Amino acid sequence: MVSKEKLKKQVEKTANALKGAGKKISSNKKMNSGKERNKDSGKGRNTVQPHRHCRMCHIPIDIKREPPICVEQKCEDDWKKNKKNEKMVRIAFFIFAAVFLGPLIFKGILAF
Ligand SMILES: [Zn+2]
C-alpha cells in the first residue's frame, strides 16, 4: 500500500519531469526552426562556392590563387604593371609627405 505522502511526492516528481520535458521540446523546436530559417535564407548564398575574381578581367578564379589573377598572360602583365604603378604611387606619396609634412614638423620642433 502506497502512503499519501509518497504518492504526492511521486506526482510532483512526474509533473516536474513533464515540465522539464516540455521545456526541452520547446527549446528544441526553437533550435530547429532557427536552423531551418537559416537554411532557407541562405539557400541562394550557399549554392555559390567561396571564390575570388581575377583582378583584371573579373572571371571567377580559385580562392587560394596568389596573385589573385587568372591564367591569362594579359592579366599577368596587367597585374605586374599595376603592382609597379602601386609602388610608384606609394613612393610618390612618401615623397609628397616628406616634402610637405617635413617642414611642418620641423617648424613644430623649432617652435618649442
Ligand atoms: Zn584575368
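Here we summarise the structure given alongside this text. (Residues numbered from 1 in each chain as written. Predicted model: local features only at pLDDT ≥ 70, side-chain atom pairs only at ≥ 80, totals over all residues.)

## Quick look at the overall build of the chain
Helix and strand counts for the chain stand at 3 helices and 2 strands. Going from N to C terminus, the chain has its helices and strands arranged as α-α-β-β-α. With 112 residues in all, the chain has 2% of them scored as buried. For the chain, restricting intrachain contacts to residue pairs at least 6 apart in sequence, the fraction spanning at least 24 positions comes to 3%. (Helix = DSSP H or I, 4+ residues; strand = E, 2+ residues; numbered from the N terminus. Buried ≥ 20, exposed ≤ 12 C-beta atoms within 10 Å, placed from the backbone. Contact = placed C-beta atoms within 7 Å.)

## Let's talk about helix α3 (residues 73-111)
In a regular helix each residue adds 1.5 Å, so 39 residues correspond to 57 Å; α3 covers 56 Å between its end C-alpha atoms and thus fits that length. Considering bend angle alone, the principal kink of α3 is centred on Leu101 and spans about 35°; proline Pro103 follows within four residues of it. Buried residues are scarce in α3, accounting for 0 of its 39 residues. (Expected span 1.5 Å × (residues − 1). Bend = angle between axes of the 7 residues up to and from the residue.)

## Some points on unusual backbone geometry
Glu66 connects to Pro67 through a cis peptide bond whose omega is 0°. As for its position among the elements, Pro67 is in the loop between β2 (60-61) and α3. The phi angle at His58 is positive, at roughly 65°, despite the residue not being glycine. Here His58 lies in the loop between β1 (52-53) and β2. Of the residues examined, His58 has 11 C-beta atoms within 10 Å and is grouped as exposed.

By themselves, these observations are geometric and do not establish any function.
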